[in-house]
Amino acid sequence: MSLQHALLTSIIEKPCSGYELARRFDKSIGYFWHATHQQIYRELARMEQQGWVSSSEVEGGRAGKKQFDVLPAGRAELQRWAAESSAPLRLRDELMLKLRADAAVGPLGMLEELEKRLQLHEQELATYRAIEQRDFSALEAGREAQIHYLILKAGIAYEEGRIAWTKEALQTLQQLAQATNKT
């Protein structure tokens, strides 16, 4: 996925300034595609050079504040990109390598790391559940809202899966530690 395509999507949803876009990004697309504000501004400049977006000074705003709009070429690029086939995400997690190292060389004290991960996944799940309650308790029948909810449910399922796996990993490592201590 390209940051440019994420930004095009967000601007199509609601034309806005770069600052507003960065703030909105943090609260929506940023949950599954992270970008710093600096990266967002840099990509907006590139997209403007490519003729995908235009910017105009905001009247009554602070000096230099620009509103971005998607141009027909940007919409066409987003449609082209979205129509491309994409490979499913392959798991790439440093923790898995650390667990392999733990298996190969002996206990490396992974319990603390797993406990931290469990906490982080539980916090993220709580955030997703709060968004679900706030934004989707009375689901609109609209296509856009249903797709947004579907995306949120993917995040919820991911976090629930990671929580279940992490609890299993903790239990397994604790059992292995107890078995080692008995011998």
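Counting restarts for each chain: residues are numbered from 1 in the order of the written sequence. Local features are withheld for residues below a pLDDT of 70 in this predicted model, meaning they are given only at 70 or higher, and side-chain atom pairs are given and counted only at 80 or more; totals for whole chains, interfaces and linings count all residues. Excluded from the side-chain calculations are hydrogens and water; all other atoms, namely the structure's heavy atoms, are used.

Named according to an unreviewed UniProt entry, the protein is PadR family transcriptional regulator originating from Undibacterium curvum.

Sorry, what's going on with the packing of helix H2 (residues 18-27) against helix H3 (residues 37-49) here?
The relative placement of two packed helices is expressed as an angle between their axes plus a distance between the axes. Here an angle of 0 to 180 degrees is reported between the N-to-C directions of two axes, which are lines fitted to C-alpha atoms, with helices fitted over the stretch in contact. Numbering of helices and strands runs from the N terminus; a helix is a DSSP stretch of H or I covering at least four residues, while a strand is a stretch of E covering at least two. Relative orientation of the contacting elements H2 and H3 amounts to 130 degrees, with a least axis distance of 10 Å. As summarised for this structure, H2 and H3 are arranged oblique, according to the angle between their axes. Regarding H2 and H3, the two cross each other, and that crossing is right-handed. Here Gly18, Tyr19, Leu21, Ala22, Phe25 and Asp26 of H2 come into contact with H3, specifically with His37, Ile40, Tyr41 and Leu44. Following the grouping adopted for this structure description, the nonpolar residues are Ala, Val, Leu, Ile, Met, Phe, Trp, Tyr, Cys and Pro, the charged ones are Asp, Glu, Lys and Arg, and the polar ones are all others, Gly among them. When its residues are assigned to classes, the contact of H2 with H3 shows 7 nonpolar, 2 polar and 1 charged. Roughly parallel here means an angle under 35 degrees, roughly antiparallel means over 145, roughly perpendicular means 65 to 115, and every remaining angle is called oblique. Working rule for handedness: look at the near helix, and if it is turned counterclockwise from the far one by less than a right angle, call the crossing left-handed; if clockwise, right-handed. A contact between two residues is defined here by any heavy atoms of the two lying within 4.5 Å.

In this structure, what is going on with the confidence of the model for the protein? I would like to understand it.
As a note on interpretation, predicted positions should not be read in detail where pLDDT is low. A residue's pLDDT is the predictor's confidence in that residue, given on a scale from 0 to 100. Here the protein averages 90 in pLDDT, and 96% of its residues register 70 or above. Ranking the elements of the protein by mean pLDDT puts H2 last, at 86, and helix H4 (residues 72-83) first, at 96.

Would you mind going over helix H6 (residues 110-136) with me for this structure?
Turn by turn, an α-helix covers 3.6 residues, leaving residues three or four places apart pointing in a common direction. Helix span, expected: 1.5 Å multiplied by one less than the number of residues in the helix. With 27 residues, H6 should cover 39 Å at 1.5 Å per step; its first-to-last C-alpha distance of 37 Å lies within 8% of that length. Any residue under 20% of the maximum accessible area for its type is buried, any over 50% is exposed, and the rest in between are partly exposed; the area is computed with a 1.4 Å probe on protein chains only. Along H6, the residues classified as buried are Met110, Leu114, Arg117, Leu118, His121, Leu125, Tyr128, Ile131, Glu132 and Phe136. Of the surrounding secondary structure, the elements contacted by the buried residues of H6 are helix H5 (94-105) and helix H7 (143-182).

Help me understand the environment of Val70, please; the structure alone is not making it clear to me.
Examined against the element boundaries, Val70 turns out to sit in strand E3 (residues 66-70). Once the C-alpha coordinates of Val70 and Ala45 are considered, the two residues, 25 residues apart in sequence, prove to be 13 Å apart. Beyond its immediate sequence surroundings of up to four residues, Val70 is in contact with Leu8, Ile11, Ile12, Trp52, Val53 and Arg75.

What exactly am I supposed to notice about the packing of aromatic side chains here?
Aromatic rings considered in pairs are described by the distance between their centres and by the relative angle of their planes. Centres within 6.5 Å are what make two rings of Phe, Tyr or Trp a pair, Trp counting through its six-membered ring; a difference in plane orientation under 30 degrees is then read as stacked, over 60 as edge-to-face, and the rest as tilted. The tally for this structure, following the rule as stated, stands at 2 aromatic pairs. Ring geometry for Tyr31 versus Tyr128: centroids 5.6 Å apart, planes at 75 degrees, classification edge-to-face. Taken as a pair, Tyr31 in the loop between H2 and H3 and Tyr128 in helix H6 lie far apart in primary sequence, 97 residues in all. By relative accessible area, which is 31% here, Tyr31 ends up partly exposed. With a centroid separation of 4.8 Å and 20 degrees between ring planes, the pair formed by Phe136 and Tyr149 is classed as stacked. A residue pair is termed long-range when its members are at least 10 positions apart, and Phe136 in helix H6 and Tyr149 in helix H7 qualify at 13 residues. The burial state of Phe136 is the same as that of Tyr149; both residues are buried. For a Lys NZ or an Arg CZ to count as sitting over a ring, it must be within 6 Å of the ring centre and within 35 degrees of the ring normal. Between the NZ or CZ atom of Arg162 and the centre of the ring of Trp165, over which it lies, the distance is 5.2 Å.

Where do I start with the pairing of E3 in this structure?
Here a strand pair is declared whenever DSSP counts at least two bridges between the two strands. For strand E1 (residues 16-17) and E3, the ladder comprises 2 bridges, and the chain directions are antiparallel. In the sheet register, Ser17 faces E3, and the bridge partner there is Gln67.

Even after reading the chapter, I still don't get the environment of Arg100, so can you show me in this structure?
Tracing the chain through its elements places Arg100 in helix H5. The exposure class of Arg100 is exposed, given its relative accessible area of 65%. Along the sequence, Arg100 and Leu173 sit 73 residues apart, while their C-alpha atoms lie 12 Å from each other.

Help me understand the environment of Leu152 in this model?
Tracing the chain through its elements places Leu152 in helix H7. Separated by 29 residues in sequence, Leu152 and Asn181 have C-alpha atoms that sit 43 Å apart. The residues touching Leu152, leaving out its near neighbours within four places in the chain, are Tyr128, Ile131, Glu132 and Phe136.

Just to check I follow, could you spell out the side chain of Glu43 for this structure?
Topologically, Glu43 is positioned in helix H3. The term polar contact refers here to a pair of N or O atoms within 3.5 Å; inside protein, the definition further demands a hydrogen-donor-capable atom paired with an acceptor-capable atom, and it admits residues adjacent in sequence only when both atoms are side-chain atoms. Within the local environment of Glu43, its side chain forms a polar contact with the side chain of Arg46, the two groups lying 2.4 Å apart. If we ignore the near neighbours within four places in the chain, the residues touching Glu43 are Leu3, Gln4 and Leu7.

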